[in-house]
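# Tertiary structure, described
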Amino acid sequence: MDDSPAPDGPRTFSRIGQRSPNIRSFDAVTGRTRYTDDLSFPGMLHAKLLRSPHAHARIVSIDATDALAMPGVHAVITGKDMPVRYGVIPWTQDEYPLALDKALFVGDPVACVAAVDEAIATRAAAAIRVVYEVLPHITEPEAALEPGAPKLHESNKHGNITKSVQLTFGDLDAQMAASDAVAEGHYFFEGMTHGALEPHCAIGLWEPHGVLTVWSATQVAHYLHRELSRVLDLPYDRVRVIQPPVGGAFGAKSEPFALEFCVGKLAMLTGRPVKLLYTREEVFYAHRGRHPMKMHFRVGAKADGTLTGCDAKTLIDGGAYASFGLVTTYYSGQLVTAPLRLGAYRLDSTRVYTNKPACGPKRGHGSVQPRFAFEVTLDKLAEKLGLDPIELRRRNVLDVGERTINEFLIKSIGFRECLDRVEAASGWKQKHGKLPLGRGVGVAGSFYISGTNYPIYPNEMPQSAVQIKVDRSGRVTVFSGLSEMGQGADTMLAMITSEELGVDLAAIRVLSGDTDLSPVDLGGYSSRTTMMAGNACLHAARQLSTSIRAVVAEKWACAPKHVALAGGYATERQDTSRRMSLGEAFRLAEAKLGALGAMGSYNTPKDVHGDYRGGTIGASPAYSFTAHIAEVTVDLETGVPRVETIWAAHDAGKPLNPMIVEGQMEGSAYMGFAEAILEEHVIRPDGLHRGPSLLDYRMPTSLDTPDLYSMLVETADPEGPFGAKEAGEGPLHSSIPAIANAIYDAVGVRIDALPFSPDKILRALRAKGAA
Amino acid sequence: MLPLPDFEWLAPTTLADLVRALGEHPTDTLLLAGGTDLLPNLKHGLHAPKRVIGLRRVRELSLIEESADGGLTLGSGVTLDTLANDARILARYPALARAASLVASPQLRRMGTLGGNLCLDTRCAYINQTAFWRGALGGCLKRDGDVCHVVPQGKRCVAAFSADTPAPLITYDATVELVSVRGARTLPVAKLFGGDGVKNHVREADEVLTRVTLPAPARGLRSAYEKLRARQAIDFPLLSIAAALTVGDDEVVTDIRLVVGALGALPRVVRKLEAHVGKPVSPELFDELARAAHTQCHPLSSLGAEAWRQDVVAPMVKRTLAALRASTRE
Ligand SMILES: Cc1cc2nc3c(=O)[nH]c(=O)nc-3n(C[C@H](O)[C@H](O)[C@H](O)COP(=O)(O)OP(=O)(O)OC[C@H]3O[C@@H](n4cnc5c(N)ncnc54)[C@H](O)[C@@H]3O)c2cc1C
Ligand code: SF4
């Protein structure tokens, strides 16, 4: 959508492409940012949830008499106060804000107390008497499928299955039969959680004229807005959601949660503002982290390395509720079909309910797990074929304009360059297969979506809109419903606006995440923000630029295309001595045209996917590509692995701000490494979380973290704003299989189950007689 | 946030006032030094004291004194950060400095004290959890229940001994002083621990640990400390190993101490090492000591990964021995 005002030649940028610190960072690192929990209102009450101690239990009765009698307690609510099912996906709404009939996991909320302070609320919650009838529970996904298994959701038509998807593209059996080599593996990806620094927090404020405002640390203010209105039975136009800056989310906050409904309901009941802040333990119960997946992958190739087919079968452990599970089920299959060309592909993915905290989207939603399985299988295949694993990949890279086997249209791809860059930077040729026992390198590649082509609830409205107001002071204000959570989304809007209007970043205010102030954006998930809000912003900014340039051109009696807005000035391109400050230009335009503002919007192209059922899920306006090489050492006596270095190359299209793209790449590589080596979100057979704390859920410290090298591969995507694509999730995928493959190169054992912990490695080494 | 229980807070400034306040109703009073262990445990509802007495204002407790023969007396309030960086400790008792340097994280070492580390509660996957979690489990022998989930038929709590500094202190023959309204007594560090997590120290409720005395290092003393942990910071030990060998000028070993922590409730002093006294320092000797430790040390499931931890006792002991450093006078 480039209608660049530059008259001739390739576009040159003044702001885009520059390394620019995140405009929110200074406040964040100096403690000035006001997160949701930093907000307080006169008369505010504090709420606390009572949670089920049973993995599966019928709620026989709830008696809150003692709690209500405690001084300082204002209200107690239970499932009966909000008997409306919600869920982020309209087809699978299976959750009540507070359990109505049954509690489905240890930690499922059943009641909520509002009191004058948190300590009283905590004590009052403990004084609520709940009588449960304990039911048999399930913690293993296979058990959920057995005949006669206890059923979690009685009204579900498919037993304990949330979603099951079978799709075949091409003639898989023929392709596999015609292969010269086939590699396979049974893989297990343990559950992982996000570990965002800021716990979930929400505040409800009810105004007597009938407007409910909820402040929440959410990534999806818009979906929350819809669900609050539906569940609390308030007109859609009487709910306001404000998202203060979010202290990290990674997918953990991308759907509504019990706390937001509870603060809303309690505020309406008590007439007081009500705050609820989760403890760290409760964040582990809210979860929505990466699904555990059991995967069987087979990949075949011809002797020359041409990939013939891939056969994938995946069992997904969903936890107690559907969450985004329908999408997860599709993603687990749909998102392994690039960057490499497959001759045929079959996917068979099933997500089941278990009595555990619900899984959902974590950075690289649904596709990090199969990517691990696929890339490790490729490594095995390369060995069978006697091919270098990079070379095997190179021989199969998709081309620009090609469609994947499942019909996603690839409009830009820099994967070949990604492979070249990591190969050269890591010294791969001198290292792979050549390092001493105990040290090795491994490679992997991946791709990811720049937003989902279709919104979560069916509608034909824009996926994102941005409004820009230009002021006679010279200031420009950008209103957007996007979700700033540390990733730099506000900075992205400011940079695009600055590029188009020529104003300094300091003169731009970005007001995001307030459903009253800002036009709708669907939220901060699926790496959609730069693509969608970025394009909407560009659309708005260009309208303003056109109007302002026309007014200035009229004054200078030149063509509008000869007026440049840059560096704080409007300048005549052919006679640069003619210039005026932008403030002056804005005043001139305001006098001529009236108050200045513009609305921009973006919707996705509808011709980029297949028209089979499910063909839209996983389709995106553009795809990013990544290659990683990891170098690891393994202690042969203890099995302890150490990831020494990760080289990452990423095609994010045109990196709007290389500093932030590199930050995303480093954060992603770190997060992947963390899952590979240390993290695991384990629910015990009795349904208890193994250790819901940051001491027991071990996220690596800076001392554990490898050296990270990030390399940007630039492509110009025709759809992205200025050619930009995503960078927030893609660069995570390949780090895990690269590490797995490096461990194999180091010590000759395959660890096909995450995490690659020293006990597993030592056991494998012993089995092989190497330790 | 997890709230703290309500209690009365006292912060005396002299040892005499402290001991008196503690003596008033000792069984429902707790002492708080750095608070890095006690506060999480209070928030988890493991204790419900009526009174908590802060120790940080008692200056006498944070002194380091030198004895004439070259030993040191360390106040119980000396921080782990000081232990890790004091030149005298680094020179004379390098394994103690190293153990302190490996505790938790810089912030926690600046708050955490030697006394708190010696009196650290033992740890277990079934007890170091919130009250909600433990309630869902149904409690255990140590609190609110009657079975041990680690040793189901067991009669005592075998939660893991998890402090870093006691093992090296044992190898150095350190002693502790306990003071109460009833008087003072001195015990070897090795005798401070009770072996049952329900009451894992022999300290009586009215006693305060005032100081730790380290005898002058023997001539030829070489010592080391190594710790197995999941991450390079924060984590409690999965195994901790302190070694001290006394070596003559002829490189012949005249005394061997090997102490392994993070197994059961007690630090294990590896026994029957006398047979190795008289041998020269050599890789073979280290192998033999590692084998002895391997057969005597049995990690429990209280900290998880017990089979792997058992497997790595020997390599960890060898590494500790390979890192032995001679004590010097700074
Ligand atoms: C995240 C985290 C990681 C940690 N990692 C480690 C680790 O790796 N290794 C390790 O050893 N510890 C670790 N700790 C525990 C703790 O930080 C240290 O053991 C520290 O030394 C405790 O000292 P303190 O002064 O803070 O003790 P406090 O918490 O003040 O007290 C601990 C116990 O000792 C008692 N006590 C304190 N002083 C005295 C005294 N003078 N007389 C009698 N009783 C006393 C208290 O009543 C309490 O029962 C960790 C803690 C945290 C929170
Ligand atoms: S060792 Fe047994 S009794 Fe002790 S804390 Fe653990 S489970 Fe409880």
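Residues numbered from 1 in each chain as written. Chains lettered and ligands numbered in written order. Predicted model: local features only at pLDDT ≥ 70, side-chain atom pairs only at ≥ 80, totals over all residues. Heavy atoms only, no water.

### Notes on the side chain of B:Glu177
Residues and elements named next belong to chain B. Among the structural elements, Glu-177 can be located in strand S6 (residues 175-180). Using a relative accessible area of 18% as the deciding quantity, one classes Glu-177 as buried. Side-chain polar atoms of Glu-177 contact the side chain of Thr-210, separated by 2.5 Å. The residues contacting Glu-177, other than those within four sequence positions of it, are Ala-184, Arg-185, Thr-186, Val-208, Leu-209, Thr-210 and Arg-211. (Helix = DSSP H or I, 4+ residues; strand = E, 2+ residues; numbered from the N terminus. Buried < 20%, exposed > 50% of the residue type's maximum accessible area, 1.4 Å probe, protein only. Polar contact = N/O pair within 3.5 Å; in protein donor to acceptor, adjacent residues only side chain to side chain. Contact = heavy atoms within 4.5 Å.)

### Some details on the interface of chain A and chain B
The interface is formed by 41 residues belonging to chain A together with 27 residues belonging to chain B. In total, about 2,500 Å² of surface goes out of reach between chain A and chain B, with carbon and sulfur atoms giving 58% of it. Where B:Arg319 meets A:Glu637, a salt bridge forms, and the shortest distance between an N and an O atom there is 2.8 Å. Summed over the shared surface of chain A and chain B, the result is twelve residue pairs in polar contact (both at pLDDT 80 or more). Mapped onto the side of chain A that touches chain B, the elements with two or more residues apiece are strand S1 (45-51), helix H3 (118-126), helix H8 (280-286) and helix H20 (758-767) of chain A. Residues belonging to the side of chain A that touches chain B are distributed by class as follows: 17 nonpolar, eight polar and 16 charged. (Buried area = accessible area lost by both parts, 1.4 Å probe. Salt bridge = Lys/Arg side-chain N within 4 Å of Asp/Glu carboxyl O. Nonpolar A, V, L, I, M, F, W, Y, C, P; charged D, E, K, R; others polar.)

### Re H20(A)
Among the residues making up H20(A), those that are buried are A:Pro758, A:Ile761, A:Leu762, A:Ala764 and A:Leu765. One side of H20(A) holds all its buried residues, which, seen down the axis, span an arc of 165 degrees. Across from the buried face of H20(A), at angles greater than 90 degrees, the exposed residues are A:Arg763 and A:Ala767. On the buried face of H20(A), the contacting elements are strand S24 (623-634), strand S25 (641-651) and helix H19 (735-747) of chain A together with helix H11 (306-311) of chain B. (Arc of directions from axis to C-beta.)

### Focus: the domain arrangement of chain A
Residues and elements named next belong to chain A. Here the domain parsing of chain A yields domain 1 (25-33 + 462-602) and domain 2 (408-448 + 619-771). For domain 1 and domain 2, the distance between their C-alpha centroids amounts to 37 Å. Summed over both sides, the interface between domain 1 and domain 2 buries roughly 1,200 Å², with carbon and sulfur atoms accounting for 68% of that surface. At the surface where domain 1 touches domain 2, the tally comes to zero salt bridges. Of the residues contributing to the side of domain 1 that touches domain 2, the split by class is seven nonpolar, eight polar and three charged. (Domains from an automatic or database assignment.)

### Side note on the sheet that holds strand S7 (residues 161-169) of chain A
Residue and element names in this part refer to chain A. In spatial order, the strands read S7-S15-S14-S13-S8; together these five strands make up an open sheet with mixed pairing. This sheet does not close on itself; its edge strands, each paired only once, are S7 and strand S8 (181-189). Strand-to-strand twist of the sheet, defined as the mean angle between neighbouring strand axes without regard to direction, takes the value 5 degrees. By the bridge criterion, eight bridges tie S7 to strand S15 (residues 344-352) in an arrangement that is antiparallel. Of the residues in S15, the one forming a bridge with Leu-167 is Leu-347. In the packing of helix H10 (residues 368-385) onto the sheet, the strands contacted are S8, strand S13 (293-301) and strand S14 (307-317), and the crossing angle to S8 comes to about 145 degrees. (Pairing = 2+ DSSP bridges. Axes fitted to C-alpha atoms, helices over the stretch in contact; angles between N-to-C directions.)

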